[in-house]
Amino acid sequence: KQEVTQIPAALSVPEGENLVLNCSFTDSAIYNLQWFRQDPGKGLTSLLLIQSSQREQTSGRLNASLDKSSGRSTLYIAASQPGDSATYLCAVRRLTGGGNKLTFGTGTQLKVEL
Amino acid sequence: DGGITQSPKYLFRKEGQNVTLSCEQNLNHDAMYWYRQDPGQGLRLIYYSQIVNDFQKGDIAEGYSVSREKKESFPLTVTSAQKNPTAFYLCASSLGQQETQYFGPGTRLLVL
């Protein structure tokens, strides 16, 4: 059974700092991995999707890497801003003969302070 | 304005009552999903549907039921058999099985 872990559970940094969020998964037979952002009481917004054949994806100040063999992904946020404060979730997708099933981590709650 | 809508934003359930959460999408997506989110836990899949008139149980389907009579709609009923229904419920949809899932704003269910 796939298990996804995110460390740390919470993180507080000063504005402008570069930071790394970690995601690990137990079964390397994944189709792809996705990073989401969730604001309090809201739905999820997709940030980056990395296919299993890719090593990294970039979007603006965000860079996500994937090391499938070791079961790890990182989300790098450059020059953090207070507007980046949110919970960041990673999810791995495995096609299991039917359905587009995502297994989610528990998230990292990020606070960027002025 | 394309997207996924969920209603209501907050829902209160009395003991022994069935309640239905609405999820509608106008993205012309074939697949739709229901997740439950509890504090300190990741999202868990309740039910999913790959096509109209077809749906499958997810990891925690007990105490829930769904229907998929129309492509754009995937309502979730929380039955009285669900003993711990208090949670944040998220609906999602995707174009196909391999595509990114897009999420609605969520419904928070509380028990009176």
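Attention here is on the structure that accompanies the text.

Definitions and limits used
- Here the residue numbers are simple positions, counted from 1 along each chain's written sequence.
- All chains are assigned letters beginning with A, and all ligands numbers beginning with 1, in the order in which they are written.
- This being a predicted model, a pLDDT of at least 70 is required before a residue's local features are given, and a value of 80 or more before pairs of side-chain atoms are given or counted; all residues contribute to the totals for chains, interfaces and linings.
- By convention in this description, side-chain values take in all heavy atoms of the structure and omit both hydrogens and water.
- Contacts between residues were defined by any pair of non-hydrogen atoms, one from each residue, lying within 4.5 Å.
- Put simply, buried area is the surface a 1.4 Å probe can reach on two separate parts but cannot reach once they are joined, added for both.
- A side-chain nitrogen of Lys or Arg and a carboxyl oxygen of Asp or Glu constitute a salt bridge if their distance falls within 4 Å.
- Definition of a polar contact: a pair of N or O atoms within 3.5 Å, with one able to donate and the other able to accept a hydrogen when the atoms are protein atoms, and with sequence-neighbouring residues admitted only if both atoms are side-chain atoms.
- By definition, any uninterrupted DSSP run of H or I lasting at least four residues is a helix, any uninterrupted run of E lasting at least two residues is a strand, and each is numbered from the N terminus.
- Three categories are distinguished: nonpolar for Ala, Val, Leu, Ile, Met, Phe, Trp, Tyr, Cys and Pro, charged for Asp, Glu, Lys and Arg, and polar for the others, with Gly belonging to the last.
- At least two DSSP bridges between two strands are needed for those strands to be called paired.
- Axis lines are fitted to C-alpha atoms, over the contacting stretch for helices. Their N-to-C directions set the angle, which ranges from 0 to 180 degrees.
- Note on terminology: disulfide denotes any pair of cysteine sulfur atoms within 2.5 Å.
- Think of it in three bands: with a 1.4 Å probe and only protein chains considered, a residue is buried below 20% of the maximum accessible area for its type, exposed above 50%, and partly exposed in between.

### A look at the interface of chain B and chain A
The extent of an interface is frequently quoted as the accessible surface area lost upon association of the parts.
Line of reasoning, step 1. With 24 residues of chain B at the contact, the number on the chain A side is 22 residues.
Line of reasoning, step 2. Here chain B meets chain A over a buried area of about 1700 Å², counting both sides, of which 53% is carbon and sulfur.
Line of reasoning, step 3. Taken together, chain B and chain A are joined by zero salt bridges.
Line of reasoning, step 4. Applying the counting rule to chain B against chain A returns two residue pairs in polar contact (both at pLDDT 80 or more).
Line of reasoning, step 5. Of all the secondary structure elements, the ones that give two or more residues to the side of chain B that touches chain A are strand S4 (31-37), strand S5 (44-51) and strand S9 (87-94) of chain B.
Line of reasoning, step 6. For the side of chain B that touches chain A, the class distribution of residues is nine nonpolar, 12 polar and three charged.

### Some points on the sheet that holds strand S8 (residues 76-78) of chain B
Residue and element names in this part refer to chain B.
Line of reasoning, step 1. With respect to topology, four strands assemble into an open sheet ordered S1-S3-S8-S7, the strand pairing being antiparallel. Only two strands of the sheet have a single partner each, and these edge strands are strand S1 (4-7) and strand S7 (64-66). Within the sheet, the average angular offset between the axes of one strand and its neighbour, ignoring direction, is 20°.
Line of reasoning, step 2. Strand direction decides the pairing type here: strand S3 (residues 19-25) and S8, joined by three bridges, are antiparallel. In the strand pairing of S8, valine 19 is matched with valine 78.

### Some words on the state of the cysteines
Residues and elements named next belong to chain A.
Line of reasoning, step 1. Counted by the stated rule, this structure contains two disulfides over all chains.
Line of reasoning, step 2. Paired by a disulfide, cysteine 23 and cysteine 90 hold their sulfur atoms 2.0 Å apart. Taking the torsion about the S-S bond as the criterion, the cysteine 23 to cysteine 90 disulfide, at about 75°, is right-handed. Of the two residues, cysteine 23 sits in strand S3 (residues 19-25) while cysteine 90 sits in strand S9 (residues 86-95), which places them 67 residues apart along the sequence. Of the two residues, cysteine 23 and cysteine 90, neither departs from the other in class, the shared state being buried.

### A few points about the pairing of strand S2 (residues 10-13) of chain B
Residue and element names in this part refer to chain B.
Line of reasoning, step 1. By the alternation rule, side chains of S2 split into Leu11 and Arg13, which are all buried, and Tyr10 and Phe12, of which none is buried.
Line of reasoning, step 2. Where S2 lies against strand S11 (residues 107-111), four bridges are found, and the strand directions are parallel. Directly across from arginine 13, in S11, lies its bridge partner valine 111.

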